[in-house]
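# Chains, contacts and geometry: an overview
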Amino acid sequence: MTTTARTDPHARSNFWKWFDAFRRAPGMWAYSLNRLSAIGLTVYLFLHLVVLRTLADGPQAYDDFVALVKSPVFVFGELVVVIGGVYHGLNGLRVALTAFGIGVPYQKHMFYAVLIITAVVSLVFGIHMFTA
Amino acid sequence: MAEKWTVTFLINRQKDGVEPHFESFQLEVNPDEYVLDAIERVWAFHDRSLLFRHACHHSTCGACGMRVNGVEKLTCITTIRSVTSDGGTVKVEPLRNFPVVGDLVVDMTRLYARMEMVKAPSVIPLDEAPKPDTSVFDIKPDHDAPDDMIRLVDCIECGMCVSACPVPLTTPEYLGPAVLAGAQHQGLEKNPSLLELVDGPNGVWRCHSAFECTAVCPSNVEPGWRIMDLRKQLVKKRFQRLFGRGG
Amino acid sequence: MLERSTAPKSGENTWLWLLKIISGVLVIVLLFVHLVVNHLVPSEGLLSYEEVIAYVTTPGIALMEMTFLVVVVSHSLIGLRSIILDLNPSPGLLRVVNWVLAIIGVAAVVYGIWLMQMLVAQAA
């Protein structure tokens, strides 16, 4: 019995489908973006911890590092982290609430609210970060 | 005079020894007919080797679940009008997350076996199977009805929820929304042996709250909500055990 | 066709899942505090070495930051574990993964404590 990778439940490569939410319901988008932002934020977390080590190397090392992160590429990177973090946190709240049976019939509405708040906060942060 | 559309159906074909591929069939259809009608017409007049399942044609048997343009649908109640336009295309594929037997037919053994395993009921008392607390789902209890009145459980075991769920994509051992909903219907109180199953490594904790199951369910089972309800029950039990009620 | 496996009961379980949710909520709270006292309170937003030293010696800051570190690392690694679980590792591999994640978690917290006390010492 030949089976395709697409429908074969045993295909590990199906994990790319975790991030395939096209034409699916809002909940699938929520999950996809949550997983994506989780991975991104984890990478950021450990990077953040590592670069803080420059503090231990004295004022000069830290000042060099600060000069580096003021460059536009890093500022943009930080904005991406902020967007990911805000989304992940807000959607996380949605997951936490529905997981305890609170507001399950409104899970779609909650997702839209999460998107709107994320967009607003991202805009505010974006403007602030690039005009400060 | 009934409206007539020209629609191209891209149907998944695969058999033993034949790699999956799409075959195109152009049909003149009445857009208010159903996708299943079109598939039957392809079988009847174009290719008798097409494999597909169908039975009741009115959304109670669960046999005709397929992916239409990538989304799970019960093809006997999905009008052609709702998935395409005149001159458009309709892609038809088998359900995900089940082994494909051929063309549009998948092997549902695992699902049925698991429904047996949790002894998913087919009938429940009228006032049981609690629904989420919103007026849309209120079943106004008929106070004149006899106490032993029962109703059919909503689940038609079509497997669409399993297909839509992202977890079985990589984890076939996950019990899945239909089975967990069945367990919730059965009731942990009535059947404590279910505890080990739903609380186990492939039970309710594997759910990622995508709610795709609820979105595609053609039958108001609300599996997403039922999984959350099971979680609530399990957490309550854990805390009760921790803080003394029963030790 | 019972699928009750005799493998050890690893995999997602109630307590880890609860911990993920609770730590998640705590992260939201502590992250907010962390960002406010890091960037809004100090005049340079902690972008100068002197400010950092003054910051870490402020009473309560060390405790807040270390708590934040523990909570956020826990949440991140438990979450990572869920993602790995979805890839269906064998029980043996899962045991290895559990250990590796635990070691990374402890290491991250130890590192944080070390860094914090190093900076506090420099202020003296």
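Conventions used here
Residues numbered from 1 in each chain as written. Chains lettered and ligands numbered in written order. Predicted model: local features only at pLDDT ≥ 70, side-chain atom pairs only at ≥ 80, totals over all residues. Helix = DSSP H or I, 4+ residues; strand = E, 2+ residues; numbered from the N terminus. Rg over C-alpha atoms; globule rule 2.2 N^0.38 Å. Buried ≥ 20, exposed ≤ 12 C-beta atoms within 10 Å, placed from the backbone. Contact = placed C-beta atoms within 7 Å. Pairing = 2+ DSSP bridges. Nonpolar A, V, L, I, M, F, W, Y, C, P; charged D, E, K, R; others polar. Axes fitted to C-alpha atoms, helices over the stretch in contact; angles between N-to-C directions. Expected span 1.5 Å × (residues − 1). Core = buried A, V, L, I, M, F, W, Y, C linked by C-beta atoms within 7 Å. Domains from an automatic or database assignment. pLDDT = per-residue confidence, 0-100. Parallel < 35°, antiparallel > 145°, perpendicular 65-115°, else oblique. Left-handed = near helix turned anticlockwise from the far one by under 90°.

## Description of the overall build of chain A
Regarding its fold elements, chain A presents four helices and zero strands. When its helices and strands are written in sequence order, chain A yields α-α-α-α. In terms of C-alpha radius of gyration, chain A reaches 19 Å, well past the compact-globule figure of 14 Å for 132 residues. Structurally, chain A occupies a C-alpha span of about 65 × 40 × 25 Å along its principal axes. Considering chain A as a whole, with its 132 residues, one finds that 28% of them fall into the buried category. For chain A, the share of sequence-separated contacts (at least 6 apart) that also reach a separation of at least 24 residues comes to 59%.

## Notes on the overall build of chain C
In terms of regular secondary structure, chain C is built from four helices and zero strands. Along chain C, helices (α) and strands (β) appear in the sequence α-α-α-α when read from the amino end. Across chain C, the fraction of contacts at a sequence separation of at least 24, relative to all contacts at a separation of at least 6, is 77%.

## A closer look at the pairing of strand β1 (residues 5-15) of chain B
All names here are of chain B. Here 10 bridges tie β1 to strand β2 (residues 18-29), and the two strands are oriented antiparallel to one another. Across the sheet, residue Thr8 finds its bridge partner in β2, namely Gln26. Between the end of β1 and the start of β2, which pair antiparallel, lie two residues, with Gly17 showing a positive phi angle near 85 degrees. Where β1 meets strand β5 (residues 89-93), four bridges bridge the pair, whose relative direction is parallel. Residue pairing across strands places Phe9 opposite Val90, the latter belonging to β5.

## Focus on the pairing of strand β4 (residues 71-74) of chain B
Residue and element names in this part refer to chain B. Because side chains alternate across β4, one face comprises the buried residues Val71 and Lys73, and the other comprises Glu72 and Leu74, equally buried. Note: strand β3 (residues 65-68) against β4, four bridges, orientation antiparallel. Residue Gly65 lies in a different strand from β4, and its bridge partner there is Leu74. With antiparallel pairing between neighbouring strands as the criterion, β3 and β4 make up a hairpin whose turn holds two residues, including Asn69 at a positive phi of roughly 50 degrees.

## Comments concerning the interface of chain A and chain B
Taken together, the 27 residues of chain A in the interface contact 34 residues of chain B. Where the side of chain A that touches chain B is concerned, the elements lending two or more residues are α1 (26-51) and α3 (72-99) of chain A. When the residues that make up the side of chain A that touches chain B are grouped by side-chain class, the tally is 12 nonpolar, 10 polar and five charged.

## Regarding the sheet that holds β4(B)
Residues and elements named next belong to chain B. Pairing is mixed across the open sheet formed by five strands, whose spatial order is β2-β1-β5-β3-β4. Two strands close off the open sheet at either side, each with one partner strand: β2 and β4. Within this sheet the neighbouring strands show an average axis-to-axis angle of 35 degrees, counted without direction. Its contacts with the sheet place helix α1 (residues 35-45) against β1, β2, β3, β4 and β5, and it is angled at close to 105 degrees to β2.

## Describing the environment of Phe52(B)
Residues and elements named next belong to chain B. Mapped onto the elements of the fold, Phe52 is located in the loop between α1 and β3. A tally of 20 C-beta atoms within 10 Å means that Phe52 is categorised as buried. Separated by 175 residues in sequence, Phe52 and Ile227 place their C-alpha atoms 31 Å apart. If we skip the residues at most four places from it in the chain, Phe52 touches Ile39, Trp43, Asp103, Leu104 and Val105.

## Some thoughts on helix α7 (residues 223-242) of chain B
Each α-helix winds once per 3.6 residues, and so residues spaced three or four apart point in a common direction. In a regular helix each residue adds 1.5 Å, so 20 residues correspond to 28 Å; α7(B) covers 29 Å between its end C-alpha atoms and thus fits that length. Here α7(B) has its buried residues at Pro223(B), Gly224(B), Trp225(B), Arg226(B), Ile227(B), Met228(B), Asp229(B), Leu230(B) and Arg231(B). The inward-facing, buried residues of α7(B) abut α3 of chain A together with α3 (160-164), α4 (177-186), α5 (194-198) and α6 (212-216) of chain B.

## Thoughts on the nonpolar core
Of all hydrophobic cores here, the largest spans 82 residues; its most connected members are Val35(B), Val90(B), Val92(B), Cys161(B), Ala178(B), Leu180(B) and Ala183(B). In terms of residue count, the dominant contributor to this core is α4(B) (five residues). Two domains share this core, each providing at least three of its residues, namely domain 1 (5-106) and domain 2 (109-242) of chain B. In this structure Val90(B) touches Val7(B), Phe9(B), Val35(B), Val68(B), Asn69(B), Ile80(B), Val83(B) and Thr84(B), once residues within four positions along its chain are discounted. Counting residues in each nonpolar core, the second largest holds seven residues, with Leu69(C), Val71(C), Leu77(C) and Ala108(C) among its members.

## So, the confidence of the model for chain A
For chain A, per-residue confidence averages 86 on the pLDDT scale, and 90% of positions sit at 70 or higher. Counting contacts from residues 1-6 of chain A, a segment whose pLDDT is below 50, to residues more than four positions away or on other chains yields 16 contacts.

## Concerning the confidence of the model for chain C
Residue and element names in this part refer to chain C. Scored by pLDDT, chain C comes out at a mean of 86, with 90% of its residues at no less than 70. Within chain C, the element-level pLDDT minimum falls on helix α2 (residues 49-56), averaging 86, and the maximum on helix α3 (residues 61-85), averaging 94. Contacts of residues 1-8 to residues separated by more than four positions or lying in other chains number five contacts, the stretch itself having pLDDT below 50.

## Points about the environment of Tyr49(C)
Mapped onto the secondary structure, Tyr49(C) falls in helix α2. In contact with Tyr49(C), not counting residues within four places along its chain, are Pro59(A), Tyr62(A) and Asp63(A).

## Concerning the packing of α1(A) against helix α4 (residues 107-131) of chain A
Helices that pack against each other are described as a pair by the angle of their axes relative to one another and the distance between those axes. Residue and element names in this part refer to chain A. The N-to-C vectors of α1 and α4 enclose an angle of 50 degrees; their axes lie 9 Å apart at closest approach. When the axes of α1 and α4 are compared, the pair comes out oblique. The handedness of the crossing between α1 and α4 comes out as left-handed. Of the residues in α4, those in contact with Pro26, Gly27 and Ala30 of α1 are Gln107, Lys108 and Phe111. Taken together, the residues of the contact of α1 with α4 break down into three nonpolar, two polar and one charged.

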